[in-house]
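Residues per chain are reported as follows:
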Amino acid sequence: MNRTETRTISRRRFLRGAAIGVGAAGCLFDRAAQLAADPLGLPVGCQTYPVRDALGKDLEGTLREIAGVGYRMIEMCSPPGYERSGYGPLVNMKASEMREKIRAAGLGCESCHYQFRELKESLDDRIGYAKELGLKQMVLSSFGLPQTATLADWARAAGELNKIGEQTRKAGLQTGFHNHAGEFKEIDGVLIYDKLLSEFDSKLVKMQFQVSVVSLGFEAATYLTKYPGRFCSLHLQDWSPTDKKEVAIGQGSVDWKKLFAAAKKGGVKNYFVEMNMAAMKASYPYLHDLKV
């Protein structure tokens with residue numbers, strides 16, 4: 001091979017390598033641009049509870065469907081704690097196996113819901129599973145207190161969750177608390193939600209705000225601003241005052257720009273659409289294109 005041929009081949013290799021480099025850089029740029037378009041610069045996520053039956057029947061297929069919509073993060077529910085609520089088929093799956101299936105679908109998972117009883121009775125086991133799954137947050141879905149519960153009952157439960165939070169923090173995990181409509185009622189003139197925030201240790205227990213309480217007249221932005229740094233995440237739903245029902249994100253009364261601006265003050269690290277699959281699909285484009 002003469003020197004001219006060598007120079008020609010070297011040039012071809014250089015051009016081919018440059019093309020590959022440009023292509024890779026382009027992919028990285030596209031990915032960065034995609035994330036930058038999402039609120040807070042965080043990938044849009046969804047809670048798996050609304051699709052739990054599909055998940056139990058076909059985990060990989062359902063994960064691929066979620067990813068196909070555009071979602072990049074999911075929030076799981078603890079299979080042992082939700083065994084009778086659709087997650088039963090996943091109980092015997094190792095956390096490492098589930099983690100790989102989630103990754104293979106192009107998704108991430110850093111948060112999971114738990115029942116109060118399993119956290120109180122099997123905390124070491126649940127922490128071990130959470131770490132193997134790659135979680136950052138362990139969120140209590142509910143205290144499960146009756147409607148007749150007193151403020152003292154709520155305070156006592158909050159104290160128990162603080163103790164759980166001490167253990168999860170030692171393991172490098174953040175404990176969270178997820179509200180429902182029940183926390184937005186008053187007892188003796190005191191809003192239960194405010195009472196809980198006064199009882200929770202701000203370092204040990206962060207809040208996951210359920211936006212659907214807008215149907216009761218409570219705006220997420222108000223609390224995210226009122227209690228800066230006290231929140232870890234959000235559950236997203238929108239509300240139509242006219243039809244008096246939940247609707248896809250962007251089709252209701254929630255001021256999403258205001259909410260996400262407040263979310264920065266609140267300390268939000270992730271957010272999850274929690275609606276049925278049809279509403280999940282209808283919600284993603286609005287969230288992805290939302291400029292805050």
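Computed from a prediction, not measured in an experiment: that's the story for all the values here.

A. Geometry of the overall build of the protein. Within the protein one finds eleven helices and twelve strands. Relative to its full complement of 292 residues, the protein shows a buried share of 48%. In the protein, of all internal contacts separated by at least 6 residues, the share reaching a separation of at least 24 is 78%.

B. Summary view of the pattern of salt bridges. Applying the stated criterion across every chain yields a total of 13 salt bridges. Here Lys136 makes a salt bridge to Glu110, at a shortest N to O gap of 3.6 Å. Of the two residues, Lys136 sits in the loop between helix 6 (123-133) and strand 4 (137-140) while Glu110 sits in strand 3 (residues 108-114), which places them 26 residues apart along the sequence. Looking at Glu110, the relative accessible area reads 16%, which means it is buried. For Arg156, the salt bridge identified is with Asp153, shortest N-O distance 2.5 Å. You can see Arg156 and its partner Asp153 sitting in helix 7 (residues 151-170), three residues apart, about one turn around the helix. Residue classification places Asp153 among the partly exposed residues on the basis of a relative accessible area of 23%. Taken together, the shared-partner salt bridges connect Glu60, Glu97 and Lys101 into one network.

C. Local environment of unusual backbone geometry. Non-glycine residue Leu40 carries a positive phi angle of around 65°. For Leu40, the position within the fold is in the loop between helix 1 (3-37) and strand 1 (45-47). Relative accessible area serves as the criterion here: at 24%, Leu40 is assigned to the partly exposed category. At Lys244, a residue that is not glycine, the phi angle is positive and equals roughly 55°. Tracing the backbone through its elements, the reader meets Lys244 in the loop between strand 10 (238-240) and strand 11 (245-247).

Each value, and the rule that gives it
- Residues numbered from 1 in each chain as written.
- Predicted model: local features only at pLDDT ≥ 70, side-chain atom pairs only at ≥ 80, totals over all residues.
- Heavy atoms only, no water.
- Helix = DSSP H or I, 4+ residues; strand = E, 2+ residues; numbered from the N terminus.
- Buried < 20%, exposed > 50% of the residue type's maximum accessible area, 1.4 Å probe, protein only.
- Contact = heavy atoms within 4.5 Å.
- Salt bridge = Lys/Arg side-chain N within 4 Å of Asp/Glu carboxyl O.

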